[in-house]
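One-letter residues, chain by chain:
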Amino acid sequence: MRPEAQAHADRIKQALDLLRRFLDWDRALKRLDQLNAKVEDPTLWNDPKAAQEVMRERRRLDEAISATREIESELEDTVGLIEMAEEEGDQAMVADGTAALAALAERADRDKVAALLAGEADGNDTYIEINSGAGGTESQDWAEILQRMYTRWAERRGYKVELVDHHAGEQAGIKSATLLVKGANAYGWAKTESGVHRLVRISPYDSAARRHTSFSSIWVYPVIDDSIEVDVQEKDLRIDTYRSSGAGGQHVNTTDSAVRITHIPTGIVVACQNQRSQHKNRAEAMNQLRARLYERELAEREAVANAQNATKTDIGWGHQIRSYVLQPYQLVKDLRTGVTSTAPSDVLDGALDPFMSAALSQRVTGEQVDVEDVD
């Protein structure tokens, strides 16, 4: 095939390989067979909640497998068409086939990214926290440039951006800032940006026009929906009734209307005695228990977030994920994936998707992707 058509075909094959690895292809096929068998079981809907989970997993797997197979089939058919057209010297058909491969490559890339953004919180809104490193005005100015870069990236994707926290630098720039980015898959796209970002440039604040290196750190974390469904199992509860001790008249004081509930796995104890009806007291106590368990979940989440925060690396040499070199040459290079751009002005204006896509892909493959110029 012509080089252009071959390049499109190779790009499609690379995306298909990543999709297969992401799905763990053989395991996915076996799992789909298992889920299909469950769907055919007439007792499945005896437990509606479990049945819905089975149906969701089956639909997701079926769509991913079908899409992969469809692209593979179209690739094979189109390549065969181009090869036949080349043998017959039909240049118009070759051109049509090449165009079809280009369109298929775009579709394969979209499906690849959709698969890579299938994590639990990937669809959520996200916070992007920016902190300047050591270096005073230089690093604070760099932090403000990064704030603008991520704002422009979000705007390019049609996301809404809110500045929720901001600490200005002494002379210029910012010490820190936090952006709230709202939009579909905002966290999924941005999550690989956490790390130290390094800038090399001729300083606008140095009268001797010397080259300076500045560092700032980025931390990305998802917005979590607080509407947690608290699952309380009856087997985990010990429910005691006792005579109410408060004021309320003869009926309250002479019947076992008060309720105490102990959640055995956690040791949480709640009680209610302010209603005359034992049934109402039990309902109120259950509400209290759910609220306590919900509070416990929030505390655990906060502990996880604090642990992640404690793992933040020093903002300096040896920890950077990407370098932005403006002098003596023009280059942005991601040190994890090898993806480069020779147009730093575009990158600083928000052209970050190629870097993000490569980093997402690397999470699946565990390998450095081919070095790519993203101009």
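For the structure itself, consult the block above.
Remember, predicted model here, so these are calculated numbers, not experimental data.

(A) Summary view of the sheet that holds strand β10 (residues 331-334). Strand order in the open sheet made by the eight strands is β2-β3-β1-β5-β4-β9-β10-β11, with mixed pairing throughout. At either end of the open sheet lies a strand with only one pairing partner, and these are β2 (160-168) and β11 (340-341). Pairing between β2 and strand β3 (residues 174-182): eight bridges, direction antiparallel. Across the sheet, the residue bridging to His 166 is Ala 177, located in β3. On the sheet, helix α5 (residues 137-156) packs against β1 (126-132), β2, β3, β4 (195-202), β5 (211-222) and β9 (320-325) and is oriented at approximately 45 degrees with respect to β5.

(B) Structural view of the sheet that holds strand β6 (residues 237-242). If you trace the three strands from one edge of the open sheet to the other, you get β6-β7-β8, paired in antiparallel fashion. The strands lining the two open edges of the sheet, one partner per strand, are β6 and β8 (268-272). Neighbour-to-neighbour, the strand axes of this sheet turn through a mean angle of 15 degrees, independent of strand direction. One ladder, built from five bridges, connects strand β7 (residues 258-263) with β8; its direction is antiparallel. Residue pairing in the sheet places Thr 262 in a bridge with Val 269 of β8.

(C) Structural detail: helix α4 (residues 91-116). If you check α4, its first and last C-alpha atoms are 37 Å apart, about what 26 residues at 1.5 Å a residue would give, namely 38 Å. Val 94, Gly 97, Thr 98, Leu 101, Leu 104, Ala 105, Ala 108, Asp 109, Lys 112, Val 113, Ala 115 and Leu 116 are the residues of α4 that are buried.

(D) Representation of the pairing of β5 in the model. Across seven bridges, the pairing between β1 and β5 is antiparallel. Along β5, the bridge assignment pairs Asn 131 with Ser 217. Note: β4 against β5, eight bridges, orientation antiparallel. Bridging across to β5, Val 200 finds its partner in Thr 213.

(E) Molecular detail of the packing of aromatic side chains. With the rule as written, the count across this model stands at four aromatic pairs. Ring geometry for Trp 219 versus Tyr 221: centroids 4.4 Å apart, planes at 40 degrees, classification tilted. By relative accessible area, which is 21% here, Tyr 221 ends up partly exposed. Each member of the aromatic cluster is reached from another via a ring pair, and the members are Tyr 127, Trp 219 and Tyr 221. One Lys or Arg, Arg 20, reaches over the ring of Trp 25 and ends 4.2 Å from the middle of that ring.

(F) Highlighting the pattern of salt bridges. Summed over all chains, the structure comprises 26 salt bridges. Between Asp 349 and Arg 156 there is a salt bridge whose closest N-O contact spans 3.5 Å. Of this pair, Asp 349 sits in the loop between α9 (344-348) and α10 (353-365) while Arg 156 is found in helix α5, placing the two residues 193 residues apart along the sequence. Residue Asp 240 is joined to Arg 238 by a salt bridge in which the shortest nitrogen-to-oxygen separation is 3.8 Å. With relative accessibility at 27%, the residue Asp 240 sits in the partly exposed group. Look at Arg 238 and you get partly exposed, because its relative accessible area is 44%. One connected set of salt bridges, linked through shared partners, spans Arg 148, Arg 152, Glu 155, Arg 156 and Asp 349.

(G) Quick peek at unusual backbone geometry. At the junction of Gln 327 and Pro 328, the peptide bond is cis and its omega measures out at 10 degrees in the coordinates. Within the secondary structure, Pro 328 is located in the loop between β9 and β10. Despite not being glycine, Asp 24 shows a phi value in the positive range, around 55 degrees. Although it is not a glycine, Asn 185 adopts a positive phi angle of roughly 65 degrees.

(H) Representation of the environment of Met 1. Locating Met 1 in the fold gives a position in the segment before α1 (3-23). A C-alpha to C-alpha distance of 8.2 Å links Met 1 and Val 79, two positions 78 residues apart in sequence. In this structure, Met 1 is in contact with Gln 6, Ala 9, Val 79, Ile 82, Glu 83 and Glu 86, ignoring residues within four places of it in sequence.

(I) Inspection of the nonpolar core at higher detail. Within the largest apolar cluster, 36 residues are counted, with the highest numbers of intra-cluster contacts made by Ile 128, Met 149, Trp 153, Val 181 and Tyr 324. Ranked by residue count, the leading element in this core is α5, at seven residues. Sequence-distant contacts of Met 149, defined by excluding residues within four places in its chain, comprise Tyr 324, Val 347, Leu 348, Gly 350 and Leu 352. Core analysis: the second largest hydrophobic core is formed by 15 residues, Ala 9, Ala 15, Ile 71 and Ala 105 among them.

(J) Highlighting the side chain of Gln 320. Its place among the elements puts Gln 320 in strand β9. Relative accessible area serves as the criterion here: at 17%, Gln 320 is assigned to the buried category. Residues in contact with Gln 320, not counting those within four places in the same chain, are Val 196, Arg 198, Phe 215 and Leu 335.

What counts, and where the lines are drawn
Residue numbers here run from 1 along each chain, matching the order of that chain's written sequence. Two thresholds apply to this predicted model, a pLDDT of at least 70 for residue-level local features and 80 or more for giving and counting side-chain atom pairs, whereas whole-chain, interface and lining totals are computed over all residues. As a rule here, side-chain values come from all non-hydrogen atoms in the structure, and water together with hydrogens is ignored. One requirement defines pairing of two strands: DSSP has to find at least two bridges between them. Helix and strand definitions here come from DSSP, where helices need a minimum of 4 consecutive H or I residues and strands a minimum of 2 consecutive E residues; each element is numbered from the N-terminal end. Contact between two residues is taken to exist if any of their heavy atoms lie within 4.5 Å; hydrogens are not considered. Axis definition: a line fit to C-alpha positions, over the contact stretch in the case of helices; interaxial angles, taken between N-to-C directions, run 0 to 180 degrees. One fewer than the residue count of a helix, multiplied by 1.5 Å, yields its expected span. Buried residues are those whose accessible area, probed at 1.4 Å on protein chains only, stays under 20% of the maximum for their type, while exposed residues exceed 50% and partly exposed ones sit between those limits. Two rings from Phe, Tyr or Trp (for Trp, the six-membered ring) form a pair when their centres are within 6.5 Å of each other. A pair whose planes differ by under 30 degrees is stacked, one over 60 is edge-to-face, and the rest are tilted. Our definition puts a charge over a ring when NZ of Lys or CZ of Arg is within 6 Å of the ring centre and also within 35 degrees of the ring normal. The salt bridge criterion pairs a side-chain nitrogen of Lys or Arg with a carboxyl oxygen of Asp or Glu, the two atoms within 4 Å. For this analysis, a nonpolar core means a set of buried residues of the types Ala, Val, Leu, Ile, Met, Phe, Trp, Tyr and Cys, connected via side-chain atoms within 4.5 Å.

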